[in-house]
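Commentary on secondary and tertiary structure
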Amino acid sequence: LWIATIGGGLICYSPQTGSHIQYTTKDGLSNNCIKSIILDRYNCLWMATNNGVTKFNILTKEARAFTIQDGLP
């Protein structure tokens, strides 16, 4: 289960074990305040944040932040 938070980044929660992993700007997110999240058909989460957009690959756990420097308005 993927949970977007307001200030805590992205959380991957396993209901089976009750464990969780937290991903933040230290892991490549553009901001820890996630406004919306959607999963694409390539197993990537796309998140709108207070500081741009982040693409997060749920298989490799790699994040790529897109900000004003990348051409976002």
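Residues numbered from 1 in each chain as written. Predicted model: local features only at pLDDT ≥ 70, side-chain atom pairs only at ≥ 80, totals over all residues. Heavy atoms only, no water.

The next point concerns the overall build of the protein. A count of helical and extended segments in the protein gives 0 helices and 7 strands. Counting helices and strands in the order they occur from the N terminus, the protein gives β-β-β-β-β-β-β. For the protein, whose C-alpha radius of gyration is 12 Å, the value lies close to the compact-globule estimate of 11 Å for 73 residues. In terms of overall dimensions, the protein has a C-alpha envelope of 40 × 25 × 20 Å along the principal axes. Looking at the protein residue by residue over its 73 residues, the buried ones come to 29%. Within the protein, contacts between residues at least 6 apart in sequence are counted, and of these 25% link residues at least 24 apart. Positive and negative charge centroids in the protein, built from 6 and 4 side chains respectively, lie 4 Å apart. (Helix = DSSP H or I, 4+ residues; strand = E, 2+ residues; numbered from the N terminus. Rg over C-alpha atoms; globule rule 2.2 N^0.38 Å. Buried < 20%, exposed > 50% of the residue type's maximum accessible area, 1.4 Å probe, protein only. Contact = heavy atoms within 4.5 Å. Lys, Arg positive; Asp, Glu negative; His and termini not counted. Charge placed at Lys NZ, Arg CZ, Asp CG, Glu CD.)

Each strand in a sheet pairs with its neighbour through backbone hydrogen bonds, running either in the same direction (parallel) or in the opposite one (antiparallel). Spatially, 3 strands are ordered E1-E2-E3 in an open sheet, and the strand pairing comes out antiparallel. The open sheet is flanked by strand E1 (2-4) and strand E3 (19-23), the only strands paired with a single partner. For this sheet the average axis-to-axis angle between neighbouring strands, irrespective of direction, equals 25°. As paired elements, strand E2 (residues 10-14) and E3 share 5 bridges and run antiparallel to each other. Paired with Cys12 across the bridge in E3 is Ile21. (Pairing = 2+ DSSP bridges. Axes fitted to C-alpha atoms, helices over the stretch in contact; angles between N-to-C directions.)

So, about the pattern of salt bridges. If you walk through the whole model with that rule in mind, you get 1 salt bridge. A salt bridge links Arg64 to Asp70; its shortest N-O distance comes to 3.9 Å. On the basis of relative accessible area, Arg64 is assigned to the partly exposed category, the value being 41%. (Salt bridge = Lys/Arg side-chain N within 4 Å of Asp/Glu carboxyl O.)

Taken as a whole and judged by the stated rule, the model has 0 disulfides. The thiol sulfur of Cys33 is not disulfide-bonded, and the nearest other cysteine sulfur, from Cys12, lies at 20 Å. Here Cys44 is not disulfide-linked; the sulfur of Cys12 is the nearest cysteine sulfur, at 14 Å. (Disulfide = S-S within 2.5 Å.)

Turning our eyes to something else, we now look at the confidence of the model for the protein. Looking at the protein, the pLDDT average stands at 95 and 100% of residues meet or exceed 70. Least confident of the elements in the protein is strand E7 (residues 63-66), whose mean pLDDT is 94; most confident is E3, at 98. (pLDDT = per-residue confidence, 0-100.)

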